[in-house]
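Listed here are the chains, written in short residue letters.
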Amino acid sequence: MGLAVDQRAAKRVMDILISGIGIIITSPIMLIIAIAVKAYDRGPVFYFQDRLTLGGKPFKICKFRSMCVDSEKNGARLASKHDSRITPVGHVLRNLHLDELPQLFNVFKGDMSLVGPRPERESIMLEYEKELPEFYYRLKVKAGLTGYAQVYGKYNTTPYDKLKLDLFYIENYSFLLDIKLIFMTVKIFFQKE
């Protein structure tokens, strides 16, 4: 299971082109967001976190910081919909999915792909694997900015359902499926969940 060499090459070319264009088009928006995040509490603009991609390789995912500076002082935990750690600026960014824009740089760099399973933290991945040993199979492809589970699932989709959706994507991968999922993501981007 996994992608053939020609599939990986075509996917990488698309990743570079689309993320590069995306970075150029959204750079004025990213500048405004950076100013807003900095102005709110003078903390860092970006938030870097270790996530896993192809083959379980760790990388630093980049997002606009949407939580207060010391949000993980009591350890890592998944954010909930009405999390008290989220700043007012962060609420706006999360509702509009704008906190994810810096991940275009991760895609351009090659850490991630535009389409693939959501990149998980190692601690959360290990937790899921206790119940679902197959969860590791999601790492047969690069983690994605969007994906089958992100488009067809919901914010509260169970790990088991995420796994089923991600494995369906990997087993049925095609260049056209990636394009379809990118267009569906753009459509969802302008809708409320």
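Here the structure is a predicted model, which means the values were calculated and not measured.

## With respect to the packing of aromatic side chains
Aromatic ring pairs are defined here through the distance separating the ring centres and the angle between the ring planes.
Then, in step 1: Taken as a whole and assessed by the stated rule, the structure comprises 6 aromatic pairs.
Then, in step 2: Consider the rings of Y128 and F135, whose centres lie 4.9 Å apart with planes at 65 degrees: the pair is edge-to-face. Of the two residues examined, Y128 and F135, each falls in the buried class.
Then, in step 3: Ring geometry for Y169 and Y173: centres 5.9 Å apart, planes at 85 degrees, overall edge-to-face.
Then, in step 4: Judged by relative accessible area, which is 9%, Y173 ranks as buried.

## Regarding unusual backbone geometry
Then, in step 1: With phi around 65 degrees, R42 is a residue other than glycine that occupies positive phi space.
Then, in step 2: Judged by relative accessible area, R42 falls into the exposed class, the value being 62%.
Then, in step 3: The phi dihedral of H97 falls on the positive side, at around 60 degrees, and the residue is not glycine.
Then, in step 4: Along the polypeptide, H97 turns up in the loop between α2 (88-95) and α3 (103-109).

## Topic: the layout of surface pockets
Then, in step 1: Of the voids in this model, the second largest pocket is the one considered here, and its volume is about 160 Å³.
Then, in step 2: Lining the second largest pocket are L3, R8, K11, R12, D15, L54, S113, K140, V141 and K142.
Then, in step 3: At 4 residues, the largest contribution of residues to the lining of the second largest pocket is made by helix α1 (residues 5-41).

About the criteria used
Residues numbered from 1 in each chain as written. Predicted model: local features only at pLDDT ≥ 70, side-chain atom pairs only at ≥ 80, totals over all residues. Heavy atoms only, no water. Phe/Tyr/Trp six-rings, centres within 6.5 Å; stacked < 30°, edge-to-face > 60°. Buried < 20%, exposed > 50% of the residue type's maximum accessible area, 1.4 Å probe, protein only. Helix = DSSP H or I, 4+ residues; strand = E, 2+ residues; numbered from the N terminus. 1 Å grid on protein atoms, 1.4 Å probe; cavity = no way out; pocket = protein on both sides within 12 Å on 5 of 7 lines; lining within 4 Å. Points joined across faces, edges and corners; volume = space filled by probe spheres on them.

That's the geometry; what it means functionally is another story.
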